Every structure is written in C-alpha cells, then in structure tokens.
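A structural walkthrough
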Amino acid sequence: MEFKESKIKGLFEITPRVFHDERGYFFETFSDKLFRANVADVTFVQDNQSYSTKGVLRGLHLQKPPFAQGKLVRVISGSVIDVAVDLRPNSPTFGQYEAFQLSAEKQNMVYVPEGFAHGFATVEDAIFAYKCTNFYDKASEAGIIFNDPDLNINWGIENPLVSEKDFELPTLKELMALV
C-alpha cells in the first residue's frame, strides 16, 4: 500500500497494491498494522455503505465532539469526487479543503481524520463504503452547505441532486458562529 499525505496534515490518500490476472484481481482493503504505522493510531468501530446514482451530492457532514469521527472512505463501484474540509480550530489549514477522485478502477481510499467535514459527489453511479472511528450520534451531527461561496468547491458535476436536509446546512462562517 502507498500512503500519501495531502497538503493538509493528517489527511491521507491510500492506494493499495492490486494483483490482477486472467481471473480478476485481489487486494487488501485494510490492514490495521499498516494503517497504524503509516497514518494514525485509531480504532474503527463501525462500517457504513451507501449507493448513489450519478449526480448525487452528499455532504458536507461531520459529527461534533465527543462523537467526532475519523473515516476511511472508498468506492466499491463507480467513481466520486471526495472532499474533506479542515475544521480543526488551531490548524494552519483551517477552512481549506482537498478533493480526491476515488474510483473502483483505481481502488484508492482517503483517510479523513476527526475535525473535518466530509462529502462526495458521484461522477457515475457508485457504491461508497467507509469505516468510522466513532459511532453515529444524531444529536452530534452537523455540516456545511455544499455550495458555500467561501469554500468554492468544484464538485465536478452540474446541478447536483442534494437532499433537503443538506440544502439547509449553514455556511462555514455560520457554523463557526454557532460554536
């Protein structure tokens, strides 16, 4: 596995070594030993999976402390633009984001640590899977509107299909005023 830290400290793209032959392919999707040695000493407690059709945008979501979550995200089929926004108050990259193209073809993953808002847009129909470092808690959920003009995220799709709930999320400035 290749572990590459992005320009935002703690945010990693992970690309596994995929073994192909005439029968198909094989790869290790997760190794606790390698993950702890190269990324973070965390324990994953919950796995989630969703299916989204082309053009769906989910996010930007986060869980507030004490239920903050780190996530190891990947695509099982299809492809997405995956976005993580740094919300760690003392971080030099606070308010900045990274975008990654995740695809079943490449089999790459992203580790999004606690203290980030996260979302994705489907470039094609996709099955999205992720491991979480904490359990979901409804009272701790929060988020940022996907089209926040200050973030100016290029999601790579026009006219995304967004849930009513996600359309009601605040901007980053509005979210920070609530804290």
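Now for a look at the structure at hand. (Residues numbered from 1 in each chain as written. Predicted model: local features only at pLDDT ≥ 70, side-chain atom pairs only at ≥ 80, totals over all residues. Heavy atoms only, no water.)

**What to know about the environment of Leu-72**
Under the convention used in this document: Helix and strand labels come from DSSP, where a helix needs a run of H or I of at least four residues and a strand needs a run of E of at least two; each type is numbered from the N terminus. Residue contacts are counted whenever heavy atoms from the two residues lie within 4.5 Å of one another.
Of note, Leu-72 is situated in strand β7 (residues 71–86). Once you skip the residues sitting within four places of it in the chain, Leu-72 turns out to touch Ile-14, Phe-30, Phe-35, Phe-44, Met-109, Val-110, Tyr-111, Ala-129, Tyr-130 and Lys-131.

**Notes on the pattern of salt bridges**
Let me state the cut-off plainly: Only one rule defines a salt bridge in this text: a Lys or Arg side-chain nitrogen within 4 Å of an Asp or Glu carboxyl oxygen. The classification of residues rests on relative accessible area computed with a 1.4 Å probe and restricted to protein chains. Under 20% of the type maximum is buried, over 50% is exposed, and intermediate values are partly exposed.
All chains considered together, the criterion is met by nine salt bridges. Residue Asp-21 is joined to Arg-23 by a salt bridge in which the shortest nitrogen-to-oxygen separation is 2.5 Å. With relative accessibility at 73%, the residue Arg-23 sits in the exposed group. In this structure, Lys-173 engages Asp-150 in a salt bridge whose closest nitrogen and oxygen atoms are separated by 3.2 Å. Taken together, the positions of Lys-173 in helix α3 (residues 172–178) and Asp-150 in the loop between β11 (141–143) and β12 (161–162) put the pair 23 residues apart, joining distant regions of the chain. With respect to class, Lys-173 is no different from Asp-150; both count as exposed.

**Observations concerning the packing of aromatic side chains**
As a reminder, the rule being used: A pair of aromatic rings is counted whenever rings of Phe, Tyr or Trp (Trp by its six-membered ring) have centres within 6.5 Å, and the orientation is called stacked for planes under 30 degrees apart, edge-to-face for over 60 and tilted otherwise. Placement of a charge over a ring requires the Lys NZ or Arg CZ to be within 6 Å of the ring centre, with the centre-to-atom vector within 35 degrees of the ring normal.
Applying the stated rule across the entire model yields nine aromatic pairs. A centroid spacing of 5.7 Å and a plane angle of 45° characterise the contact between Phe-30 and Phe-35, whose relative ring orientation is tilted. Residue classification places Phe-30 among the partly exposed residues on the basis of a relative accessible area of 25%. Judged by centre distance (5.1 Å) and plane angle (80°), the ring pair of Phe-35 and Tyr-111 falls under edge-to-face. Of this pair, Phe-35 sits in helix α1 (residues 32–38) while Tyr-111 sits in strand β9 (residues 109–112), placing them 76 residues apart in sequence. The residues Phe-35 and Tyr-111 share a single accessibility class, namely buried. Members of the aromatic cluster, each reached through a chain of ring pairs, are Phe-30, Phe-35, Phe-44 and Tyr-111. Across the ring face of Phe-30, the terminal group of Lys-131 is positioned such that the distance to the ring centre comes to 5.2 Å.

**Re the layout of surface pockets**
Threshold: In the cavity and pocket records, a cavity denotes points on a 1 Å grid over the protein atoms alone where a 1.4 Å probe fits but cannot get out, a pocket denotes an open set with protein on both sides within 12 Å along at least 5 of 7 lines, and lining residues are residues with an atom within 4 Å of a point. Grid points are joined across faces, edges and corners, and a volume is the space filled by probe spheres set on the points. Any residue that is not Ala, Val, Leu, Ile, Met, Phe, Trp, Tyr, Cys, Pro, Asp, Glu, Lys or Arg is counted as polar, Gly included; the first ten are nonpolar and the last four charged.
Each pocket or cavity is described by its volume, and for the largest pocket that value is around 990 Å³. Taken together, 42 residues form the lining of the largest pocket, with His-61, Leu-62, Gln-63, Ala-142 and Gly-143 sitting closest to its centre. The set of elements that each furnish at least two residues to the lining of the largest pocket consists of β5 (46–52), β6 (56–63), β10 (116–132), β11, α2 (164–167) and α3. When grouped by side-chain class, the residues that make up the lining of the largest pocket number 21 nonpolar, 13 polar and eight charged.

**Some points on the pairing of β6**
Definition in use: Pairing between strands requires that DSSP locate at least two bridges from one strand to the other.
β6 sits mainly inside the fold: six of its eight residues count as buried. Bridge analysis of β6 against β12 gives two bridges, and the strand direction is parallel. Paired with Val-56 across the bridge in β12 is Leu-161. Where β6 and β10 come together, three bridges link them in antiparallel fashion. Paired with Leu-57 across the bridge in β10 is Ala-121. Here three bridges tie β6 to β11, and the two strands are oriented antiparallel to one another. Along β11, the bridge assignment pairs Gln-63 with Glu-141.

By themselves, these observations are geometric and do not establish any function.
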